[in-house]
Amino acid sequence: MAQLKANNKISGAIGNVVFRTVNGKQILQAKSGPIQQSDATKISGSEFRQCSQWAKILRNAYTSFLAGMTDSYIHGRLTAAIYKAILHNTTVPKGERTPQNSDMSCLNGFEMNTNSLFTSYFLPEITVTSTAENQIRVSIAPFEAKSAITFPPETTHVDLLLYAMATNFDTNAQIIQSHLVLPIVKNQSLPETEWIVPAPPLGYLCTINAKLLFYQPNALTGRTDINTKLLSPAIIVAVKNG
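Please read these numbers as outputs of a predicted model, since none were measured by experiment.

Q: Can you break down the overall build of the protein residue by residue, with the values?
A: A count of helices and strands for the protein gives 5 helices and 15 strands. Looking at the protein residue by residue over its 242 residues, the buried ones come to 38%. For the protein, restricting intrachain contacts to residue pairs at least 6 apart in sequence, the fraction spanning at least 24 positions comes to 65%. A total accessible area of about 13700 Å² is found for the protein, and carbon and sulfur atoms account for 53% of it.

Q: Let's hear about the nonpolar core: which residues, and what values?
A: Inside soluble globular proteins, nonpolar side chains tend to come together where they are buried. By size, the foremost hydrophobic cluster in this structure holds 33 residues, and its most contacted members are Phe122, Ile126, Phe143, Leu160 and Ile184. Apart from the residues within four sequence positions on either side, Phe122 is in contact with Ile140, Phe143, Ala148, Ile149, Leu160 and Leu212. By size, the runner-up hydrophobic cluster in this structure holds 28 residues, among which are Tyr62, Ile74, Ile82 and Leu161.

Q: Help me get a handle on the pattern of salt bridges, residues and values and all.
A: If you walk through the whole model with that rule in mind, you get 5 salt bridges. Between Glu47 and Arg97 there is a salt bridge, with its nearest N and O atoms 2.7 Å apart. Of this pair, Glu47 sits in helix H1 (residues 39-61) while Arg97 sits in the loop between helix H3 (74-87) and strand E5 (110-111); the two residues are 50 residues apart in sequence, bridging distant segments of the chain. Across this residue pair, the class does not change: Glu47 and Arg97 are buried. Here Arg223 and Asp159 are joined by a salt bridge, their closest N and O atoms 3.0 Å apart. Of this pair, Arg223 sits in strand E14 (residues 222-225) while Asp159 sits in strand E9 (residues 157-167), and the two are 64 residues apart along the sequence. The class of Asp159 is buried, set by a relative accessible area of 8%. What emerges from the salt-bridge pattern is a single network uniting Asp159, Arg223 and Asp225.

Q: Can you lay out unusual backbone geometry for me, pointing to particular residues and giving the numbers?
A: Across residues other than glycine, the phi torsion is negative in most instances, and most of the peptide bonds are trans. Residue Asn134 is not a glycine yet carries a positive backbone phi of 60 degrees. Assignment of secondary structure puts Asn134 in the loop between strand E6 (126-130) and strand E7 (135-140). A relative accessible area of 58% means that Asn134 is categorised as exposed. Unlike most non-glycine residues, Glu154 shows phi in positive territory, near 65 degrees. You can see Glu154 is positioned in the loop between helix H5 (145-148) and E9.

Q: Summarise H3; cite the residues concerned and give the values.
A: Helix length check: H3, at 14 residues, gives a terminal C-alpha distance of 20 Å against a target of 20 Å (1.5 Å per residue), a fit within 8%. Among the residues making up H3, those that are buried are Ile74, Leu78, Thr79, Ala81, Ile82, Tyr83, Ala85 and Ile86.

Q: Could you give me a rundown of the sheet that holds E7, with the residues and numbers involved?
A: With antiparallel pairing, 3 strands are arranged side by side in an open sheet as E6-E7-E12. Edge strands, defined here as strands with exactly one partner in the open sheet, are E6 and strand E12 (193-198). Between one strand axis and the next, the sheet turns through 20 degrees on average, direction left out of account. Where E7 lies against E12, 6 bridges are found, and the strand directions are antiparallel. The partner of Ile140 across the bridge, within E12, is Thr193.

Q: How would you summarise the packing of aromatic side chains if you had to cite specific residues and measurements?
A: Going through the model one piece at a time under the given rule, you end up with 8 aromatic pairs. Taking the centre distance of 6.4 Å and the plane angle of 55 degrees together, the rings of Tyr62 and Phe65 count as tilted. Take Tyr62 and Phe65: they sit in the same class, and that class is buried. Residues Tyr121 and Phe214 carry aromatic rings whose centres are separated by 6.0 Å and whose planes lie at 55 degrees to one another, so their mutual orientation is tilted. Separated by 93 residues along the polypeptide, Tyr121 in helix H4 (residues 118-121) and Phe214 in strand E13 (residues 205-218) bring together distant segments of the chain. Pair check on accessibility: Tyr121 and Phe214 agree, each one buried. The residue whose ring lies beneath Lys211 is Phe65, and the NZ or CZ to ring-centre distance is 5.9 Å. It is Arg223 that lies over the ring of Tyr215; its NZ or CZ is 3.7 Å from the centre.

Q: So what about the pairing of E9? Which residues, and what values?
A: Of all 11 residues that make up E9, 11 are buried, and the element is covered over most of its length. Here E9 shows two buried faces, one formed by His157, Asp159, Leu161, Tyr163, Met165 and Thr167 and the other by Val158, Leu160, Leu162, Ala164 and Ala166. Relative to E13, E9 runs antiparallel, the two sharing 11 bridges. Bridging from a neighbouring strand, Tyr163 pairs with Asn209 of E13.

Reading the values: rules and limits
- Residues numbered from 1 in each chain as written.
- Predicted model: local features only at pLDDT ≥ 70, side-chain atom pairs only at ≥ 80, totals over all residues.
- Heavy atoms only, no water.
- Helix = DSSP H or I, 4+ residues; strand = E, 2+ residues; numbered from the N terminus.
- Buried < 20%, exposed > 50% of the residue type's maximum accessible area, 1.4 Å probe, protein only.
- Contact = heavy atoms within 4.5 Å.
- Areas by Shrake-Rupley, 256 points an atom, 1.4 Å probe, with all protein chains shown as cover.
- Core = buried A, V, L, I, M, F, W, Y, C linked by side-chain atoms within 4.5 Å.
- Salt bridge = Lys/Arg side-chain N within 4 Å of Asp/Glu carboxyl O.
- Expected span 1.5 Å × (residues − 1).
- Pairing = 2+ DSSP bridges.
- Axes fitted to C-alpha atoms, helices over the stretch in contact; angles between N-to-C directions.
- Phe/Tyr/Trp six-rings, centres within 6.5 Å; stacked < 30°, edge-to-face > 60°.
- Lys NZ or Arg CZ within 6 Å of the ring centre and 35° of its normal.

What follows is the structure in structure tokens.
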């Protein structure tokens, strides 16, 4: 039912015509009818909803790693990245595609906080390769901290947190995780770093992640942490399927 408002504009519907006010202007629109979805459209919609659930599982698995410090759109961005990978899987029928049977390399380099890009704060390349012993090797070439890391003002210390997390996207199954903390001082020269991680079991997806934790030494508490929701660079370095 349409009504005449105090501003002499009509709001509501008359038959199949809908009256709306947009930016102070009266517009008319045809009332939309029921949307008929094809089987393919229904499957695509179902896959996207499933990708949203997988993204939620990943996000929850990162809870301790991210410590609540990320941007507000990480779930949507994770969903879009996973869906992109699923769409590129042309070897498995629609509706049967999963992160475990798809190439998830599009997650490589996924920034977890767009407010502070990891690649803007940490310049050395983190290389992830597979070993002959069915392990994952994480390597960082030698670097000078002062020129390779962007330190916030009045900050001279940072921990590089490397974090490996593997999940089979079953909420009842335990995630597999390990981590390495590399303390760094601004005027320090860092030697080559190598970290070996077991390869994920069959049916699992493993992500190798990195995060910078800035702080200042404190005589009373040991350290004063600098990271905030706006300053918390974190990234998915690489993804490996089991």
